[in-house]
Amino acid sequence: MNYTDILTSKFEPETTGTTIMAVIYDGGLIIGADSRTSSGQFVADRCADKIDYVHDRIFCLRSGSAADTQAIAKYVRYYIDAHAQELGRLPAVATAANLFRNFLYEYKDSLSAAIIVAGWDPYKGPQIFTLPLGGSVIEQKWSIGGSGSTFIWGFCDSNYKENMTLQEARAFVLHAVAHAMYRDGSSGGIIRLLNVTKDKIEREFIDYKDVPVK
Amino acid sequence: MIFNSEISGQQQHTTSPVVTGGSVIALVYNGGVIVGSDTLCSYGSMAAFKNVQKIVQISQNTIYASSGEYSDFQQVVKELAKIDRSALQYDDGVHPSPKDYGNFLARLSYKKRCKINPLYLQNVIAGFHNKERYLALVDIYGTYLESNFITTGFASYFCKAIISNYWNENCTLEQAKQVIRECFKVLFCRDCRAHDVIQLAYVDEQGTHIEEPERVETKWDFNGFKSRANEKLHTQ
């Protein structure tokens, strides 16, 4: 176990030791994340927003070093913006995923970043791409990430169903993230949910007292 | 710190902690001493054991709590109980005072520190004896400090300011409890290894009282928290 004695060590770099999740349902996708950013044992930000805007219907969930992932997301946001202007229509989620992938792959020795790219496009509908540490790209129907995800693999494997309704998917994400926050010291605080569909984006703030598992 | 187990040939028990308990906060008040801690033991970064009692009665007028390696905490409880039992064998009606326990623990901790095999703990002993309040900290090296208020672990960084501003040594029990609750609220918000269910225990003239665990209320629904979401970047 990696225990850092706070009395003798300097603070560790800020990471989103975290729980992030995205699930495709029938008609869109639900994204969920906790709100804790930690620096070693210290909670640097207790209400962070880990759901980053990339484009109108493309979002990324960040885990690993906060600095690395923020910097990469900023670049990709810029590239996608320019690309969308030239294209004149909504960019493909796969394009954004590929731009992230280029960073994570080329600089794999210097970066500590794992990202979930989730969004909707008019060509293939809702999609989720998982980009783990090395820079590989894996398309999935549902994805969990961050340190808290280790605690909910069993829960997710047994509770995931194809073609869920919006309510089922929302409850699935809410309970999974809550269970991860319950056990992971690096996850906590409030839960932020985002519903992405063809027509709209809906954000939801789940206050600590409404988190189902405490 | 991580101690090198190759230095001495004998078995090392505490080279680095595995199951750890969180901060302990103790205050003196007008009628006795109160100690508070949360009910969580962490396994590294995992919140593994959520309903753990980390404050223990040692004798009629002494309580003990500590933060750090939980197995060492359990071992210390056994060692302190041995003192009580061997004192009974003299059959002279003399019971160890809280300070006797504190002193013994300091000597024990120092001896183990000299052998590079420490009890990986910051210990708090609290008691009430001969109408006097007793509160002491014994740390991992065997340093012994008597004081009116004690904080261990992360609480030393966050809670001393709260205690300085809202507590004095002659406050009431209720006031002291409120100060400790406020401290644990801050810890729950800012310490990754903290839990919002805490337990309070106090010693006064009547003896020791260990209360049932309670949950502290923290506030998360600030407007600034809700609206800081990256919605401002959305264009539609």
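Given the structure is predicted, the values throughout are model-derived calculations rather than measurements.

1. Quick notes on the overall build of chain B
Then, number 1: Along the backbone of chain B there are 5 helices and 14 strands.
Then, number 2: The globule rule puts the C-alpha radius of gyration for 236 residues at 18 Å, and the 20 Å found for chain B is close to it.
Then, number 3: Overall, the C-alpha framework of chain B stretches about 80 × 50 × 25 Å when taken along its three principal axes.
Then, number 4: At a minimum sequence separation of 6, the contacts of chain B that also span at least 24 residues come to 61%.
Then, number 5: Carbon and sulfur atoms provide 49% of the accessible area of chain B, an area that totals close to 11200 Å².
Then, number 6: Separation between the mean location of the 24 positive side-chain charges and that of the 25 negative ones in chain B comes to 6 Å.

2. What about the environment of Ser42 of chain B?
Residue and element names in this part refer to chain B.
Then, number 1: Tracing the chain through its elements places Ser42 in strand E4 (residues 41-43).
Then, number 2: Sequence separation between Ser42 and Val19 is 23 residues; the distance between their C-alpha atoms is 5.5 Å.
Then, number 3: Ignoring sequence-local partners within four residues, the contact set of Ser42 consists of Val18, Val19, Thr20, Ala48 and Arg193.

3. Things to note about the packing of helix H3 (residues 155-166) of chain B against helix H4 (residues 173-190) of chain B
Each pair of packed helices gets described by two things: the angle between the helix axes and the distance between those axes.
Residues and elements named next belong to chain B.
Then, number 1: The contact between H3 and H4 brings their axes to 9 Å, and the two run at 150 degrees. Viewed along their axes, H3 and H4 adopt a mutual orientation that is roughly antiparallel. Read as a crossing pair, H3 and H4 show a hand that is right-handed. Along the contact surface, H3 presents Ala155, Phe158, Cys159, Ile162, Ile163 and Tyr166, while H4 presents Val179, Glu182, Cys183, Val186, Leu187 and Arg190.
Then, number 2: Grouping the amino acids of the contact of H3 with H4 by side-chain chemistry returns 10 nonpolar, no polar and 2 charged.

4. What about the confidence of the model for chain B?
Residue and element names in this part refer to chain B.
Then, number 1: Here chain B averages 90 in pLDDT, and 91% of its residues register 70 or above.
Then, number 2: Confidence drops under a pLDDT of 50 for residues 4-8, and excluding neighbours within four residues, the segment shows 4 contacts in the predicted structure.
Then, number 3: Across the interface, the model reports ipTM at 0.79; the global pTM reads 0.85.

5. Focus: the confidence of the model for chain A
Then, number 1: Looking at chain A, pLDDT values average 91 and 93% of them are 70 or higher.
Then, number 2: Element-level pLDDT for chain A is lowest in strand E1 (residues 15-16) of chain A, with a mean of 61, against a maximum mean of 97 in strand E2 (residues 20-25) of chain A.

6. So, the interface of chain A and chain B
Then, number 1: Across the boundary between the two partners, chain A contributes 40 residues, which contact 41 residues of chain B.
Then, number 2: Where chain A abuts chain B, roughly 3800 Å² becomes buried across the two surfaces, and 57% of that area is made up of carbon and sulfur atoms.
Then, number 3: Seen at the junction of chain A and chain B, the total is 0 salt bridges.
Then, number 4: Connecting chain A to chain B are 11 residue pairs in polar contact (both at pLDDT 80 or more).
Then, number 5: The set of elements that each furnish at least two residues to the side of chain A that touches chain B consists of strand E5 (42-45), strand E6 (51-55), helix H4 (166-183) and strand E13 (201-206) of chain A.
Then, number 6: Of the residues forming the side of chain A that touches chain B, the biggest block, 4 residues, is contributed by E5 of chain A.
Then, number 7: By residue class, the composition of the side of chain A that touches chain B is 18 nonpolar, 7 polar and 15 charged.

7. Let's talk about the pairing of E6 of chain A
The side chains of a regular strand alternate between the sheet's two faces.
Residue and element names in this part refer to chain A.
Then, number 1: With 5 of its 5 residues buried, E6 lies for the most part within the structure.
Then, number 2: Summarising the sheet, E6 and strand E7 (residues 58-65) pair through 4 bridges and their orientation is antiparallel. Bridge pairing in E7 places Ile51 opposite Leu61.
Then, number 3: Counting the residues between successive antiparallel strands, the hairpin from E6 to E7 contains 2 residues.

8. Observations concerning the packing of aromatic side chains
Then, number 1: Summed over all chains, the structure comprises 19 aromatic pairs over all chains.
Then, number 2: Arranged with centres 6.4 Å apart and planes meeting at 80 degrees, the rings of Phe188 of chain B and Trp220 of chain B form a pair that is edge-to-face. On the criterion of sequence distance, the pair formed by Phe188 of chain B in helix H4 and Trp220 of chain B in the loop between strand E14 (214-215) and helix H5 (223-227) is long-range, its members being 32 residues apart.
Then, number 3: On the basis of relative accessibility, which here comes to 1%, the residue Trp220 of chain B falls in the buried class.
Then, number 4: The ring of Trp220 of chain B has Arg46 of chain A sitting right over it, with the charged end atom 4.7 Å from the ring centre.
Then, number 5: The positively charged end of Lys214 of chain A is found above the aromatic ring belonging to Tyr208 of chain A, 5.5 Å away from the centroid.

9. A word on helix H2 (residues 93-106) of chain A
All names here are of chain A.
Then, number 1: An ideal rise of 1.5 Å per residue puts 20 Å on 14 residues; H2 measures up with 20 Å between its terminal C-alpha atoms.
Then, number 2: Those residues of H2 that fall on the buried side of the exposure criterion are Val93, Ala96, Ala97, Phe100, Phe103 and Leu104. End-on view of H2: buried residues confined to an arc of 120 degrees, all on one side of the axis.

10. Examining the pairing of strand E2 (residues 24-29) of chain B
All names here are of chain B.
Then, number 1: Across the 6 residues of E2, 6 count as buried, placing the element largely inside the fold.
Then, number 2: Connecting E2 to the antiparallel partner strand E3 (residues 32-38) that follows it, the hairpin turn spans 2 residues.
Then, number 3: Sheet topology note: the E2/strand E11 (residues 149-151) ladder contains 3 bridges and is antiparallel. Looking at E11, one finds that Leu27 is bridged to Phe149.

11. Some words on the nonpolar core
The nonpolar side chains of a soluble globular protein tend to be buried, and buried together.
All names here are of chain B.
Then, number 1: Of all hydrophobic cores here, the largest spans 38 residues; its most connected members are Ile25, Leu27, Ile34, Val35, Leu135 and Leu187.
Then, number 2: Broken down by secondary-structure element, the contributors of at least two residues to this core are E2, E3, strand E7 (62-69), strand E8 (121-129), strand E9 (132-138), H3, H4 and strand E12 (197-204).
Then, number 3: For Leu187, the contacting residues outside a window of four places in its chain are Ser23, Ile25, Phe154, Ala155, Phe158, Cys159 and Ala194.

12. Focus on the pattern of salt bridges
Residues and elements named next belong to chain A.
Then, number 1: Counting across every chain of the model gives 18 salt bridges over all chains.
Then, number 2: Linking Asp207 and Lys209 is a salt bridge whose minimum nitrogen-to-oxygen distance equals 3.2 Å.
Then, number 3: Here the salt bridges do not stand alone but share partners, grouping Asp52, Arg62 and Arg77 into one network.

13. Some words on the packing of helix H1 (residues 70-88) of chain B against helix H2 (residues 98-114) of chain B
All names here are of chain B.
Then, number 1: Contact geometry for H1 and H2: axes closest at 11 Å, N-to-C directions at 130 degrees. With respect to H2, the element H1 is oriented oblique. Relative to H2, H1 is oriented so that their crossing is right-handed. Across from Val76, Glu79, Leu80, Ile83 and Asp84 in H1, the residues of H2 making contact are Tyr101, Phe104, Leu105 and Leu108.
Then, number 2: A per-class count over the contact of H1 with H2 returns 7 nonpolar, no polar and 2 charged.

What counts, and where the lines are drawn
Sequence positions are assigned chain by chain, starting from 1 and proceeding in written order. To label them, take the chains in the order written and letter them from A, then take the ligands in the order written and number them from 1. Given that this is a predicted model, residues contribute local features only at a pLDDT of at least 70 and side-chain atom pairs are listed and counted only at 80 or more, while totals for whole chains, interfaces and linings are drawn from all residues. Computation of side-chain values covers all heavy atoms of the structure but excludes hydrogens and water. In this description a helix means any DSSP run of H or I spanning at least four residues, a strand means any run of E spanning at least two, and both kinds are numbered starting from the N terminus. For a compact globule the rule gives 2.2 Å times the number of residues to the power 0.38, and the radius of gyration it is set against comes from C-alpha atoms. Contact between two residues is taken to exist if any of their heavy atoms lie within 4.5 Å; hydrogens are not considered. Residue burial considers only the protein chains on display, and all accessible areas are found by Shrake-Rupley using a 1.4 Å probe. All tallies of charge rest on Lys and Arg as positive and Asp and Glu as negative; His and the ends of each chain are not included. Positions of charges follow a simple convention, taking NZ of Lys, CZ of Arg, CG of Asp or CD of Glu. Note on geometry: axes are C-alpha line fits, over the in-contact stretch for helices, and angles between N-to-C directions span 0 to 180 degrees. Angular relationships are summarised with four words: roughly parallel below 35 degrees, roughly antiparallel beyond 145, roughly perpendicular across 65 to 115, and oblique for the angles in between. Each crossing gets its hand from how the near helix is turned against the far one by less than a right angle, where anticlockwise is left-handed and clockwise is right-handed. Three residue categories are used. Nonpolar comprises Ala, Val, Leu, Ile, Met, Phe, Trp, Tyr, Cys and Pro, charged comprises Asp, Glu, Lys and Arg, and polar comprises the others, including Gly. Within a predicted model, pLDDT stands for the predictor's per-residue confidence, ranging from 0 to 100. Buried area is a sum: the accessible area each of two parts loses on coming together, probed at 1.4 Å, counted once for each and added. Any carboxyl oxygen of Asp or Glu within 4 Å of a side-chain nitrogen of Lys or Arg constitutes a salt bridge here. In protein, a polar contact means a hydrogen-donor-capable atom and an acceptor-capable atom, both N or O and within 3.5 Å, with residues adjacent in sequence counting only if both atoms are side-chain atoms; elsewhere, any N or O pair within 3.5 Å suffices. Burial status follows relative accessibility: with a 1.4 Å probe on protein chains alone, a residue under 20% of its type maximum counts as buried, one over 50% as exposed, and anything between as partly exposed. Whether two strands pair depends on DSSP finding at least two bridges between them. Two rings from Phe, Tyr or Trp (for Trp, the six-membered ring) form a pair when their centres sit within 6.5 Å of each other. Planes less than 30 degrees apart are called stacked, planes more than 60 degrees apart edge-to-face, and all others tilted. Look at NZ for Lys and CZ for Arg. If either is within 6 Å of the ring centre and within 35 degrees of the ring normal, a charge sits over the ring. Expected helix span is taken as 1.5 Å per residue step, with the number of steps being one fewer than the number of residues. Working note: the arc is built from the helix axis to C-beta atom directions. Grouping buried Ala, Val, Leu, Ile, Met, Phe, Trp, Tyr and Cys residues that are joined through side-chain atoms within 4.5 Å yields what is termed a nonpolar core.

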